[in-house]
Amino acid sequence: MPIENTLSIIKPDATKRNLTGLINAKFEKAGLKIIAQKRLQLSEDMAQKFYEVHKDRPFYNDLVSFMTSGPVVVQVLSGNNAVKLNRDIMGATNPEEADAGTIRKEFAESIEANSVHGSDSLENANLEIAFFFAAVELFS
């Protein structure tokens, strides 16, 4: 299995409730290693650029507003098949459809306030990581 890196964002609803440690424990227990991490407040411009792929979708403005509503933790997770493993640990986008034991089933407040973001492909992971981190900030 290939070692991959993927982007993870702990969203404002989770940071507000002090869930960063509990969420990261799930990643680490599953075998993912946190190789870069920072807490920051997304500006509207940053959020618009990051979620630009969704700009024509009806939820775009609400997403940008939500992601700028409080601090987030952006981080790079590394491990065997990290993109898929991260997505499995997060669970379905809609917490009502998420499997028991997943982050979204346990911690999400709604489909929008679903506690975490994760890259959906290796290609997007590389783009998303580069959006937030310089290569020198990644520690394997």
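Here the structure is shown first, and the text comes after it.
Residues numbered from 1 in each chain as written. Predicted model: local features only at pLDDT ≥ 70, side-chain atom pairs only at ≥ 80, totals over all residues. Heavy atoms only, no water.

Let us look at the pattern of salt bridges. Side chains bearing opposite charge may pair, as long as their charged atoms lie close to each other. Within this structure, the stated rule accounts for seven salt bridges. For the salt bridge of Glu-109 with Arg-17, the shortest nitrogen-to-oxygen distance reads 3.4 Å. With Glu-109 in the loop between helix H6 (103-107) and strand S4 (116-118) and Arg-17 in the loop between helix H1 (12-16) and helix H2 (20-29), this pair connects stretches of sequence that are 92 residues apart. Lys-26 is the partner of Glu-106 in a salt bridge, and the nearest nitrogen-oxygen pair spans 3.0 Å. Of this pair, Glu-106 sits in helix H6 while Lys-26 sits in helix H2; the two residues are 80 residues apart in sequence, bridging distant segments of the chain. Relative accessible area serves as the criterion here: at 44%, Glu-106 is assigned to the partly exposed category. Through salt bridges with shared partners, a single network forms among Asp-13, Arg-17 and Glu-109. (Salt bridge = Lys/Arg side-chain N within 4 Å of Asp/Glu carboxyl O. Helix = DSSP H or I, 4+ residues; strand = E, 2+ residues; numbered from the N terminus. Buried < 20%, exposed > 50% of the residue type's maximum accessible area, 1.4 Å probe, protein only.)

Pairing is antiparallel across the open sheet formed by four strands, whose spatial order is S2-S3-S1-S4. Edge positions in the sheet fall to strand S2 (33-40) and S4, since each has one partner strand and no second. Neighbouring strand axes in the sheet, compared pairwise and without regard to direction, differ in orientation by 20° on average. Pairing of S2 with strand S3 (residues 72-80) involves seven bridges; the strand directions are antiparallel. Bridged to Lys-38 within S3 is Val-74. (Pairing = 2+ DSSP bridges. Axes fitted to C-alpha atoms, helices over the stretch in contact; angles between N-to-C directions.)

On to the packing of aromatic side chains. The geometry of an aromatic ring pair is captured by the separation of the ring centres together with the interplanar angle, meaning the angle of the planes. Per the counting criterion, the structure on display carries four aromatic pairs. An angle of 75° between the planes, with centres 4.8 Å apart, marks the rings of Phe-131 and Phe-132 as edge-to-face. Looking at Phe-131, the relative accessible area reads 34%, which means it is partly exposed. Judged by its relative accessible area of 7%, Phe-132 is buried. The ring of Phe-133 has Lys-38 sitting right over it, with the charged end atom 4.7 Å from the ring centre. (Phe/Tyr/Trp six-rings, centres within 6.5 Å; stacked < 30°, edge-to-face > 60°. Lys NZ or Arg CZ within 6 Å of the ring centre and 35° of its normal.)

Across soluble globular proteins, you tend to see nonpolar side chains buried next to one another. Within the largest apolar cluster, 21 residues are counted, with the highest numbers of intra-cluster contacts made by Ile-9, Met-67, Phe-132 and Phe-133. Mapped by element, the contributors of at least two residues to this core are strand S1 (3-10), S2, helix H3 (44-50), helix H4 (60-67), S3 and helix H7 (122-132). Broken down by element, this core gets its largest block of residues, five residues, from H4. Dropping the residues within four chain positions of it, Met-67 is found in contact with Ile-9, Lys-11, Pro-12, Leu-42, Tyr-51 and Val-72. Judged by nonpolar contacts, the second largest core, of 14 residues, contains Ala-14, Ile-23, Leu-32 and Ile-103. (Core = buried A, V, L, I, M, F, W, Y, C linked by side-chain atoms within 4.5 Å. Contact = heavy atoms within 4.5 Å.)

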